[in-house]
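Each chain, written out:
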Amino acid sequence: DLVSKQQDLMGRTRLNRKVSVGVSGTYLERFDLVEKRGGALLGLKPNERLSVELGFQSGNGNNLLPETETSLQTYLMGREGLTPFFIYRDSRYSVTRLHSLNLGMEIEKIPQWVLIPTVFLGKATFNAPATTRDILSYGVRMTYFLETKYSLSIFSNRGMEASQGIIGRSTRLLDTFTGGVSCSYFILPEIKTELTFDHTDYNQIRTQFHTTMLTLTWML
């Protein structure tokens, strides 16, 4: 058994109604590796329906975390309870480069219930040996919530992942299955805590990850 630890920190502040800026950082301990990265965020909200966020993180010398990662997230508030979104990432590891696109839809047809199906498309380019492989994953999340009080979620994902982000300097694709639950609670209207449990199975390398994550969000 292996115990690993990861800490993420993210903060944002609004400059005006349309622009926000922020910082982010990650600290990871796994195997005998200690890795760090940090970056900046830029949020744009040109109108009430559209939200865009640009992100950049860097951490030289990392094996599990990308050495650089650029992201673009877009949410479009739709009509009749439909909110499509996509997240694009260019993740550059020491021996792997991963282009990925996460497409999803928030569906709220029943009050207080949200269904979120997602599809993950990617292209991983490996070094030594040099090869490029396509990646496909899909998942679903169901959430019940009471606004500014609490939420309960169950989720599952199945597909493939590039191996370097899991076990380090390796150039493989691994089949993966993840299932989990999460619950969040508003301590105060501006302070929310969330606890997540998930199980991830990598049969090809006979490895399972059991993850417990506690998140505290303070909305200033």
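Everything here concerns the structure above.
Enquirer: What exactly am I supposed to notice about the overall build of the protein chain here?
Expert: Tallying secondary structure elements over the protein chain gives 1 helix and 13 strands in all. Traced from its N-terminal end to its C-terminal end, the protein chain shows the element sequence β-β-β-β-β-β-β-β-β-β-α-β-β-β. The C-alpha atoms of the protein chain give 18 Å as radius of gyration, which agrees with the globular expectation for 220 residues (17 Å, within 12%). Seen through its principal axes, the protein chain has C-alpha atoms that stretch 50 × 35 × 30 Å. Evaluated residue by residue, the protein chain yields a buried proportion of 33% over its 220 residues.

Enquirer: How should I be thinking about the nonpolar core in this particular structure?
Expert: Considering soluble globular proteins, one finds that nonpolar side chains tend to be buried as a cluster. Counting 6 residues, the largest nonpolar core is built from Leu98, Ala124, Phe126, Ile135, Ala162 and Leu173. Counting residues in each nonpolar core, the second largest holds 5 residues, with Phe85, Ile87, Ile116 and Phe145 among its members.

Enquirer: How should I be thinking about the side chain of Ser91 in this particular structure?
Expert: Here Ser91 shows up in strand E6 (residues 82-92). Beyond its immediate stretch of four places on either side in the chain, Ser91 contacts Pro66, Thr68, Glu69, Thr96, Arg97 and Leu98.

Enquirer: Mind showing me how you'd approach the pairing of strand E8 (residues 113-126) here?
Expert: Two faces, one strand: in a regular strand the side chains alternate between the faces of the sheet. Of the pairings in the sheet, the one linking strand E7 (residues 96-107) to E8 comprises 10 bridges and is antiparallel in character. Its bridge partner being in E8, Arg97 is matched across the sheet by Thr125. Taken together, E7 and the strand that follows it, E8, pair antiparallel across an intervening segment of 5 residues, in which Gln112 is found at a positive phi of about 75°. As paired elements, E8 and strand E9 (residues 131-146) share 14 bridges and run antiparallel to each other. Note on E9: the bridge partner recorded for Val114 is Thr143. Hairpin connection between E8 and E9: a loop of 4 residues separates the two successive antiparallel strands, and Ala128 in this loop has a positive phi of roughly 50°.

Enquirer: Whenever I open this one, the pattern of salt bridges confuses me. Can you help?
Expert: A side chain of one charge can pair with a side chain of the opposite charge when the charged atoms of the two come close. If you walk through the whole model with that rule in mind, you get 9 salt bridges. Between Glu29 and Lys5 there is a salt bridge, and its shortest N-O distance comes to 3.9 Å. Residue Glu29 is located in strand E2 (residues 19-30), and its partner Lys5 is located in strand E1 (residues 5-14); the two are separated by 24 residues in the primary sequence. The partner of Glu69 in a salt bridge is Arg37, and the shortest N-O contact between them spans 3.4 Å. Residue Glu69 is found in strand E5 (residues 68-76), and its partner Arg37 is found in strand E3 (residues 33-44); the two are separated by 32 residues along the sequence. There is no split in this pair, since Glu69 and Arg37 are both buried.

Enquirer: Explanation requested: the packing of aromatic side chains in the structure shown.
Expert: Each aromatic ring pair is characterised by the separation of its centres together with the angle its planes make. What the rule picks out here adds up to 4 aromatic pairs. Each ring, one from Trp113 and one from Tyr144, has its centre 5.0 Å from the other, and the planes form 55°; the classification is tilted. Placement of the pair is Trp113 in strand E8 and Tyr144 in strand E9, with a sequence separation of 31 residues. A residue is classified by how much of its surface remains accessible, and Tyr144, at 23% relative accessible area, is partly exposed.

What counts and how
- One numbering rule holds for all chains: residues counted from 1, following each sequence as written.
- Local features in a predicted model are, by the rule used here, given only for residues with pLDDT of at least 70; side-chain atom pairs are given and counted only at 80 or more, and totals for whole chains, interfaces and linings are based on all residues.
- Excluded from the side-chain calculations are hydrogens and water; all other atoms, namely the structure's heavy atoms, are used.
- Put simply, DSSP H or I for four residues or longer makes a helix, DSSP E for two residues or longer makes a strand, and each gets a number counted from the N terminus.
- As a reference, a globule follows 2.2 Å times the number of residues to the power 0.38, and the radius of gyration itself is taken over C-alpha atoms.
- Exposed residues in this analysis have more than 50% of their type's maximum accessible area, buried residues have under 20%, and partly exposed residues fall in between, with area computed by a 1.4 Å probe over protein chains only.
- What makes a nonpolar core is a set of buried Ala, Val, Leu, Ile, Met, Phe, Trp, Tyr and Cys residues whose side-chain atoms join them at distances within 4.5 Å.
- Two residues qualify as a contact provided that any one of their heavy atoms is within 4.5 Å of a heavy atom in the partner residue.
- Two strands pair under a simple rule: DSSP has to find at least two bridges between them.
- Salt bridges are counted wherever a side-chain nitrogen of Lys or Arg sits within 4 Å of a carboxyl oxygen of Asp or Glu.
- Here a pair means two rings of Phe, Tyr or Trp (six-membered ring of Trp) with centres within 6.5 Å. Their orientation is stacked below 30 degrees between planes, edge-to-face above 60, and tilted elsewhere.

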